[in-house]
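Close look at the chain arrangement
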Amino acid sequence: MKTVFINCNDNAFEEVRRIRTEVFTLEQGADKKEFDEYDSDGSTVFLLLYEDKKPLATGRLAKTQTGFKLGRIAVLKSERGKGLGKVLVTALCDKAESLGAPFVLVDAQLHAVEFYKKLGFTETGEDNITDRGITHMPMRKDLI
C-alpha cells in the first residue's frame, strides 16, 4: 500500500476526480457540484492510496476559516472493508498535525459517523448539514 499527497495541479488529480465521481456522483447520487472551491485551491492537499500502481481511494485536507477539514473520503466499492478508510483518515490527520493544526474537522455522512467515532472524532453539537444532497454530521478530533 502506498500513500501519495498531491495538489490540484498534479496530473494524478485526474485519479481523484475519477474515484470521487464514481463513489459520490454515480454510486451515491450526489449532485453535480462534487467539485468545489477547495478542489482548485492550491493550499488543499489530496491523498491518493495506491496498491500496485492502481488508485483505490482518496481524500482531501482543506484549510478553511474554521480550521483544517477532512473531506471527500472515497474508497472504491470493490476495495471497501479492507481498512483503507482508516488509512486515509489517519494519514490526513497526521498531515494536519504536521501543519500545526490543534484539531481537525469533518462533516461525516450519517452512515459513517460510527466509523469516525472509532477514529477519535466526536460530534460537535452543531446541526447536521446537507452537502451535495447528502446529510452530514459535523465532527471534530483534537490532535494535541
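Quick notes on the rules
Residues numbered from 1 in each chain as written. Predicted model: local features only at pLDDT ≥ 70, side-chain atom pairs only at ≥ 80, totals over all residues. Heavy atoms only, no water. Helix = DSSP H or I, 4+ residues; strand = E, 2+ residues; numbered from the N terminus. Rg over C-alpha atoms; globule rule 2.2 N^0.38 Å. Buried < 20%, exposed > 50% of the residue type's maximum accessible area, 1.4 Å probe, protein only. Contact = heavy atoms within 4.5 Å. Areas by Shrake-Rupley, 256 points an atom, 1.4 Å probe, with all protein chains shown as cover. Lys, Arg positive; Asp, Glu negative; His and termini not counted. Charge placed at Lys NZ, Arg CZ, Asp CG, Glu CD. Core = buried A, V, L, I, M, F, W, Y, C linked by side-chain atoms within 4.5 Å. Expected span 1.5 Å × (residues − 1). Phe/Tyr/Trp six-rings, centres within 6.5 Å; stacked < 30°, edge-to-face > 60°. Lys NZ or Arg CZ within 6 Å of the ring centre and 35° of its normal.

**A short note on the overall build of the chain**
If you tally the helices and strands in the chain, you get three helices and eight strands. Listed N to C, the secondary structure of the chain is β-α-β-β-β-α-β-α-β-β-β in terms of helices and strands. Computed over C-alpha atoms, the radius of gyration of the chain comes to 14 Å, within 12% of the 15 Å expected from 2.2 N^0.38 for 144 residues, which places it in the range of a compact globule. Principal-axis analysis of the C-alpha atoms gives the chain an extent of 40 × 35 × 30 Å. The buried share among the 144 residues of the chain stands at 46%. For the chain, restricting intrachain contacts to residue pairs at least 6 apart in sequence, the fraction spanning at least 24 positions comes to 62%. Accessible surface, the chain as shown: approximately 7,800 Å² in total, 49% of it carbon and sulfur. Charge-centre separation for the chain: the mean point of 22 positive side chains lies 3 Å from the mean point of 23 negative side chains.

**Overview of the nonpolar core**
Leu70, Val89, Val104, Tyr116, Phe121 and Met139 are the most contacted members of the largest nonpolar core, which has 28 residues in total. With seven residues, the single largest contributor to this core is helix α2 (residues 84-98). When sequence neighbours within four positions are dropped, the list of residues in contact with Val104 reads Leu61, Phe68, Lys69, Leu70, Cys93, Ala96, Phe121, Met139, Arg140, Lys141 and Leu143. If you look at the next biggest cluster of nonpolar residues, it comprises 15 residues, including Ile6, Cys8, Val16 and Ile19.

**Side note on α2**
Taking 1.5 Å of rise per residue, 15 residues should cover 21 Å, and α2 covers 21 Å from first to last C-alpha, within 8% of that figure. Taken together, the buried positions of α2 are Leu84, Gly85, Leu88, Val89, Ala91, Leu92, Cys93 and Ala96. Where α2 terminates, the next one or two residues include Gly100, which has phi positive at roughly 95°.

**Topic: the packing of aromatic side chains**
Within this structure, the stated rule accounts for three aromatic pairs. Between Phe115 and Tyr116, the aromatic rings sit 5.0 Å apart at their centres with planes inclined by 75°, giving edge-to-face as the arrangement. Taking the relative accessible area as the measure of exposure, Tyr116 reaches 5% and is therefore buried. Both rings, one in Tyr116 and one in Phe121, keep their centres 5.3 Å apart while their planes meet at 80°; by these two values the pair is edge-to-face. Here Tyr116 matches Phe121 in class, with each residue buried. Over the face of the ring belonging to Phe68 we find Lys63, whose NZ or CZ atom lies 5.2 Å from the ring centre. The ring of Phe5 carries the charged tip of Lys95 above its face, separated from the ring centre by 5.1 Å.

**Things to note about the environment of Leu105**
Counting through the fold element by element, Leu105 comes out in strand β5 (residues 103-109). Residue class for Leu105 comes out buried when judged on its relative accessible area of 15%. Separated by 40 residues in the primary sequence, Leu105 and Gln65 have C-alpha atoms spaced 11 Å apart. Beyond its immediate stretch of four places on either side in the chain, Leu105 contacts Thr66, Phe68, Lys69, Leu70, Met139 and Arg140.

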